[in-house]
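Residues per chain, in single letters:
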Amino acid sequence: MELLLTLLTIIMTAATPLLLAALGEMVTERSGVLNLGVEGMMVMGAVAGFGAAFMTGNPWLGVLASIVAGMAMSLLFGFLTLTLLANQVATGLALTLLGLGLSALMGESFVGQPGVKLPSLAGVDPLVPFSLAMVAATGWFLFRTKMGLIIRAVGNSHASAHALGYNVIAVRYLCVLFGGAMSGLAGGYLSLFYTPQWVENMTAGRGWIALALVVFASWLPLRILAGAYLFGTISILSFVLQAQGLGIPSQFLSSLPYLGTILALVVISGNKALTRRNTPASLGQPFVPDR
Amino acid sequence: MRLEKRPERSAAMALASPFIALALTIVTAAIIFALRGNNPLAALYVYFIEPLTALWSVEQLLVKASPLILIGAGLSVCYRANVWNIGAEGQLTAGAILAGAVPVFFPAWQSPLVLLVMVALGVLGGMMWAAIPAFLRNRFSANEILTSLMLVYVVQLLLDYLVRGPWRDPQGFNFPKSVTFEGWQLLPYLTSGIHLGVLIAFIVALVLGYVVSRTLKGYEITVTGLSTRAARFSGFSEKRTVMFCMLLSGGLAGLAGAFEISSVVGQLQPQISPGYGFAAIIVAFLGRLNPVGVIFAGLLLALSYIGGEAVQTALQIPDKITRVIQGILLFYILACDTLITYRIVSPASRAAAAAGA
């Protein structure tokens with residue numbers, strides 16, 4: 001029982017950054033915007049969070065800085081795709097490439113420095129319950145409030161939403177910013193709690209896994225929760241198996257989350273009815289108001 | 001500020017956009033240098049101009065440009081067809097592993113055939129690795145952006161395992177490296193600094209440029225990218241185009257991987273590319289998704305690598321600046337490309353136009 005509880009705590013810790021980033025991206029995509037720059041926003045959140053906490057000694061300022069950094073990156077994405085109508089796929093890739101480069105440059109002097117760890121409250125890290133609350137909050141907001149209905153309308157048919165008098169671009173900007181805040185926070189979680197230090201590329205593809213989770217969960221918050229915990233389990237499983245010393249090379253175990261992501265995508269994308277029902281119909285398409 | 005759709009694409013803007021983007025990138029780089037406390041003009045000179053003033057560094061530039069041109073040319077064909085292969089870095093690694101297997105298993109084999117087999121296996125390795133996301137997209141509609149990227153991590157871990165485990169050089173003092181390649185396991189050099197792979201990269205880009213603009217296959221690819229519906233009516237199969245584009249770009253990335261380990265790197269080691277596969281995404285866009293344009297874009301991105309090394313040695317600016325400058329460049333290109341299909345109108349001129357009409 002003790003062991004099971006410890007294991008569960010570790011899995012929750014590993015799953016939380018995926019959960020936070022995927023929830024943010026889900027809201028962004030629900031409004032019809034595909035932001036492939038999650039990895040870039042996350043890694044910027046990680047470096048900003050570490051830096052702010054390291055320089056002030058206050059981990060909570062680190063959390064704040066990581067959110068602000070993620071939002072700043074997402075604003076850049078929003079300006080290009082929503083105002084300048086640039087291709088969303090290409091801009092998302094650009095955001096990731098820039099984020100990885102910029103964070104490496106900014107974090108140059110942080111490498112090897114001791115981090116400031118976020119204190120636990122009653123044995124759990126405060127961001128774990130926060131992420132669970134966010135699952136409920138985004139679900140309620142998207143499916144039980146008028147604002148959520150407007151977001152889904154904008155994502156499903158931007159022309160109709162525009163005709164009804166809703167400001168499509170403003171709604172999308174807000175959703176992109178929310179996605180950036182959550183991705184930044186997910187990155188901050190990595191450098192402030194999960195492994196309180198700064199390592200170049202420390203997100204190690206988690207942003208991309210979060211993107212896959214959104215598809216896997218067919219844009220539904222509860223399924224994102226399930227998916228994130230499944231992936232948390234897979235990554236912890238690889239650690240446990242390594243510690244057992246079964247003679248399986250560590251590199252093979254480390255590749256499990258990536259292979260798992262591919263498998264999950266194959267299983268869920270093969271189910272056409274499920275994906276078609278929930279995919280926001282305007283996803284990835286630029287909106288130009290004709291009048 | 002508002003955007004208004006142009007009646008037709010502006011050809012002038014399509015050509016001018018990369019230059020505007022480059023100019024903006026240089027200005028931004030100057031600002032970054034200044035913020036770091038360096039003399040911006042001196043740093044810009046060391047970064048962008050000085051590498052072009054000596055023969056050896058120009059040769060270096062061509063050598064670094066060759067993998068970028070090879071991969072970028074393949075990716076530009078891919079992106080034309082709306083096939084988003086972003087895993088070229090992994091396909092490069094897969095090609096390097098398969099090509100490197102030859103000297104690892106037959107270290108004493110020396111004949112021109114060795115090089116041919118290595119190059120062929122390199123292409124094959126890249127194609128195999130790219131065929132996976134293509135198959136998964138065609139068969140299960142799995143998003144190729146995510147699957148091709150995930151496979152980068154997988155193959156990099158595989159290479160890491162090989163050079164630390166079974167393929168490690170027994171005489172290598174436990175360093176995670178394979179045997180050093182020699183003789184016909186290495187590419188011949190045309191001059192003191194330029195190897196055969198550089199020439200091949202330029203030829204490949206020119207041939208692909210011809211294929212894209214002058215053949216039916218090229219037309220098929222472009223039509224599929226512009227409208228899958230129109231392509232279907234013309235009898236072009238989308239699935240075949242997806243597979244063709246992935247195999248082509250994967251094969252070229254694998255070729256680049258084989259060239260890298262048989263020239264600059266000279267053995268297998270955990271890291272064989274400073275992110276050429278990702279930088280080539282920028283090359284493809286900067287080159288206007290045109291294999292010939294990719295030649296110029298590849299040279300510019302190669303300059304960004306060499307300039308980064310130069311400012312690190314001369315001015316102690318970390319070479320991480322390279323990736324920042326590359327990322328900023330891509331942002332500016334994408335922003336400037338807006339002006340190809342749209343023009344900026346101010347509210348005042350709109351009102352005037354409305355009054356005139």
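These remarks concern the structure in this document. Source: prediction; values computed, not measured. (Residues numbered from 1 in each chain as written. Chains lettered and ligands numbered in written order. Predicted model: local features only at pLDDT ≥ 70, side-chain atom pairs only at ≥ 80, totals over all residues. Heavy atoms only, no water.)

## Overview of helix H5 (residues 112-140) of chain B
All names here are of chain B.
- Taking 1.5 Å per residue as the helical rise, H5 with its 29 residues ought to reach 42 Å, and the 42 Å between its terminal C-alpha atoms agrees with that figure.
- Residue Ala-131 marks the point of greatest curvature in H5, where the axis turns by about 25°; the proline Pro-133 follows within four residues.
- Two or three places before Leu-113, at the start of H5, stands the capping residue Ser-111, its side-chain oxygen 2.9 Å from that residue's backbone nitrogen.
- Trailing H5 by a residue or two, Ser-141 shows a phi angle of about 50°, which is positive. (Helix = DSSP H or I, 4+ residues; strand = E, 2+ residues; numbered from the N terminus. Expected span 1.5 Å × (residues − 1). Bend = angle between axes of the 7 residues up to and from the residue. Polar contact = N/O pair within 3.5 Å; in protein donor to acceptor, adjacent residues only side chain to side chain.)

## Description of a positive patch on the surface
- Taken together, the side chains of Lys-272 and Arg-276 of chain A together with Arg-139 and Lys-239 of chain B make up a positively charged region of the molecular surface.
- With respect to the secondary-structure elements, Lys-239 of chain B resides in helix H10 (residues 238-261). (Patch = residues over 30% accessible without salt bridge, like charges linked within 9 Å, V, L, I, M, F, W, Y side chains within 5 Å. Areas by Shrake-Rupley, 256 points an atom, 1.4 Å probe, with all protein chains shown as cover. Salt bridge = Lys/Arg side-chain N within 4 Å of Asp/Glu carboxyl O. Lys, Arg positive; Asp, Glu negative; His and termini not counted. Charge placed at Lys NZ, Arg CZ, Asp CG, Glu CD.)

## Points about the interface of chain B and chain A
- On the chain A side, the residues contacting the 40 residues of chain B number 47 residues.
- In total, chain B and chain A occlude about 3900 Å² of area from one another, counting both sides; carbon and sulfur atoms represent 81% of this.
- Where chain B meets chain A, there are three salt bridges.
- Residue Arg-323 of chain B is joined to Glu-200 of chain A by a salt bridge in which the shortest nitrogen-to-oxygen separation is 3.0 Å.
- Taken together, the links from chain B to chain A amount to five residue pairs in polar contact (both at pLDDT 80 or more).
- For the side of chain B that touches chain A, the secondary structure elements donating two or more residues are strand E1 (2-5), H5, helix H6 (144-164), helix H11 (276-286) and helix H13 (321-341) of chain B.
- Broken down by element, the residue count for the side of chain B that touches chain A peaks at 13 residues, all from H6 of chain B. (Contact = heavy atoms within 4.5 Å. Buried area = accessible area lost by both parts, 1.4 Å probe.)

## Structural notes on the environment of Val-198 of chain B
Residues and elements named next belong to chain B.
- Looking at the secondary structure, you find Val-198 in helix H7 (residues 196-214).
- Residue class for Val-198 comes out buried when judged on its relative accessible area of 3%.
- When the C-alpha positions of Val-198 and Thr-215 are compared, they lie 25 Å apart, and in sequence the two are 17 residues distant. (Buried < 20%, exposed > 50% of the residue type's maximum accessible area, 1.4 Å probe, protein only.)

## Some details on the packing of aromatic side chains
- As enumerated under the stated definition, the model contains 16 aromatic pairs over all chains in all.
- The interplanar angle of 20° and the centroid separation of 5.8 Å between the aromatic rings of Phe-50 of chain A and Phe-54 of chain A together place this pair among those described as stacked. Placement of both Phe-50 of chain A and Phe-54 of chain A in helix H2 (residues 38-56) is noted, with a separation of four residues, approximately one turn of the helix.
- Given the relative accessible area of 1%, Phe-50 of chain A is considered buried.
- Plain terms: the ring middles of Tyr-79 of chain B and Phe-285 of chain B are 5.6 Å apart, the flat faces sit at 25° to each other, and that makes the pair stacked. One end of the pair, Tyr-79 of chain B, is in helix H3 (residues 55-80); the other, Phe-285 of chain B, is in helix H11, and 206 residues separate them in sequence. Both residues of the pair, Tyr-79 of chain B and Phe-285 of chain B, belong to the buried class. (Phe/Tyr/Trp six-rings, centres within 6.5 Å; stacked < 30°, edge-to-face > 60°.)

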